[in-house]
2 protein chains.
Amino acid sequence: MSQFENVTVIKQANVYFDGQVISRTLLFADGSRKSLGIMQPGTFTFGTQDAELMEILTGDLEVQLPGTGGWRRIVGGESFEVPADSSFTVKVNELTDYCCSYLP
Amino acid sequence: MSQFENVTVIKQANVYFDGQVISRTLLFADGSRKSLGIMQPGTFTFGTQDAELMEILTGDLEVQLPGTGGWRRIVGGESFEVPADSSFTVKVNELTDYCCSYLP
């Protein structure tokens, strides 16, 4: 899907890590929520509240998911899921454009 | 206005200057178009096709508009307009969150 229709967009960006990660929040008519964001190269650890589906639109990173010791490489067109109330670390190798869906 | 309702969002980001400037495109039911973007600190020159209203949501920059020799400082809550088919240069002093409206 190349676009989202009939959504509400929060105007102000969400800024993390001094702007090395930024996103915009989208609200859908069914009550669901996504964010569209950009990660600059670097290493970042995020905490989750809801479970998340992270779709990588373009970019190249490695992710360390909770309960796994290793790193998994993810490139544009791939995705990963993160459980609720956990955390994950990404090593972003090149500018990464993502879509994060918050799962029920 | 803190949010835009009933809009179409293009999923993939627009990436400029190696990701130092990124934006997302919003399409409105009336046919108008805006982009919501982030500029990292740095100096950037942009060309315009349509005239643009640049609202600075948060941040701090100086702008040099076409036909003016000088620089004007703009901070969060302020805005500036740029004519169509021209160019402008910004010196971004701190991470800047903006909303650009393309004017008819």
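Conventions adopted
Residues numbered from 1 in each chain as written. Chains lettered and ligands numbered in written order. Predicted model: local features only at pLDDT ≥ 70, side-chain atom pairs only at ≥ 80, totals over all residues. Heavy atoms only, no water. Least-squares fit on C-alpha atoms with pLDDT ≥ 70 in both. Contact = heavy atoms within 4.5 Å. Buried area = accessible area lost by both parts, 1.4 Å probe. Salt bridge = Lys/Arg side-chain N within 4 Å of Asp/Glu carboxyl O. Polar contact = N/O pair within 3.5 Å; in protein donor to acceptor, adjacent residues only side chain to side chain. Helix = DSSP H or I, 4+ residues; strand = E, 2+ residues; numbered from the N terminus. Nonpolar A, V, L, I, M, F, W, Y, C, P; charged D, E, K, R; others polar. Pairing = 2+ DSSP bridges. Buried < 20%, exposed > 50% of the residue type's maximum accessible area, 1.4 Å probe, protein only. 1 Å grid on protein atoms, 1.4 Å probe; cavity = no way out; pocket = protein on both sides within 12 Å on 5 of 7 lines; lining within 4 Å. Points joined across faces, edges and corners; volume = space filled by probe spheres on them. Phe/Tyr/Trp six-rings, centres within 6.5 Å; stacked < 30°, edge-to-face > 60°.

### Observations concerning the relation of the copies chain A and chain B
Each copy superposes on the other: chain A lies on chain B with an RMSD of 0.0 Å after a rotation of 180 degrees and an axial shift of 0.0 Å. The transformation relating the two chain copies, once decomposed into turn and shift, fits a two-fold axis. Nearest to the rotation axis, the C-alpha of Asn6 of chain A is located 2.2 Å from it, this being the minimum over chain A. Comparing interface residues between copies, 100% of those in chain A also lie at the interface in chain B; the contact surface is shared.

### Re the interface of chain A and chain B
On the side of chain B, 30 residues touch chain A, which itself brings 30 residues to the contact. Area buried by chain A at its contact with chain B is led by Val9, Lys11 and Arg24 of chain A, which between them contribute 27% of it. Taken together, chain A and chain B are joined by four salt bridges. One salt bridge in this structure joins Lys11 of chain A and Glu55 of chain B, with 3.3 Å as the shortest N-O distance. Summed over the shared surface of chain A and chain B, the result is 17 residue pairs in polar contact (both at pLDDT 80 or more). Within the residue set of the side of chain A that touches chain B, elements represented by two or more residues are β1 (3–10), β3 (21–27), β4 (33–39), β6 (51–64) and β9 (87–103) of chain A. Broken down by class, the residue content of the side of chain A that touches chain B amounts to 15 nonpolar, ten polar and five charged. Two elements, β1 of chain A and strand β1 (residues 3–10) of chain B, share five bridges in a ladder whose sense is antiparallel. For Val9 of chain A, the partnering residue across the bridge sits in β1 of chain B and is Phe4 of chain B.

### Focus: unusual backbone geometry
Residues and elements named next belong to chain B. Even without being glycine, Phe17 reaches a positive phi, approximately 50 degrees. Tracing the chain through its elements places Phe17 in the loop between β2 (14–16) and β3 (21–27). In the Ramachandran plot, Asp18 falls in the positive-phi region, its phi being about 55 degrees despite a non-glycine side chain. Residue position: Asp18 is located in the loop between β2 and β3. What makes Asp18 exposed here is its relative accessible area of 73%.

### Quick word on empty space enclosed by the protein
Summed over the entire model, instances satisfying the criterion amount to one cavity of 30 Å³ or more. Approximately 30 Å³ is the volume attributed to the largest cavity. Taken together, Gly19, Ile22, Ile38 and Gln40 of chain A together with Gly19, Gln20, Val21, Ile22, Ile38 and Gln40 of chain B make up the full set of residues lining the largest cavity. Of the residues that constitute the lining of the largest cavity, the class distribution is five nonpolar, five polar and no charged.

### Here's the deal with the side chain of Ser23 of chain A
All names here are of chain A. With respect to the helices and strands, Ser23 occurs in strand β3. Ser23 gets classed as buried once you look at its relative accessible area, which sits at 1%. Here Ser23 is in contact with Ala13, Asn14, Tyr16, Ser35, Leu36, Gly37 and Tyr98, once residues within four sequence places are set aside.

### As for the packing of aromatic side chains
Residues and elements named next belong to chain A. Taken as a whole and judged by the stated rule, the model has ten aromatic pairs over all chains. A ring pair is formed by Phe4 and Phe28, whose centres lie 5.5 Å apart and whose planes are at 90 degrees; its orientation type is edge-to-face. Here the residue Phe4 occupies a position in strand β1, and Phe28 occupies one in the loop between β3 and β4, the gap between them amounting to 24 residues. The class for Phe4 is buried, based on a relative accessible area of 4%. Taking the relative accessible area as the measure of exposure, Phe28 reaches 18% and is therefore buried. Measuring from centroid to centroid gives 5.7 Å for Phe80 and Phe88, while their planes differ by 70 degrees, and the two rings are edge-to-face. Since its relative accessible area comes to 2%, Phe80 is described here as buried. Residue classification places Phe88 among the buried residues on the basis of a relative accessible area of 2%. Taken together, the ring pairs in this structure connect Phe17, Phe44, Phe46, Phe80 and Phe88 into an aromatic cluster.

None of this, on its own, says anything about what the molecule does.
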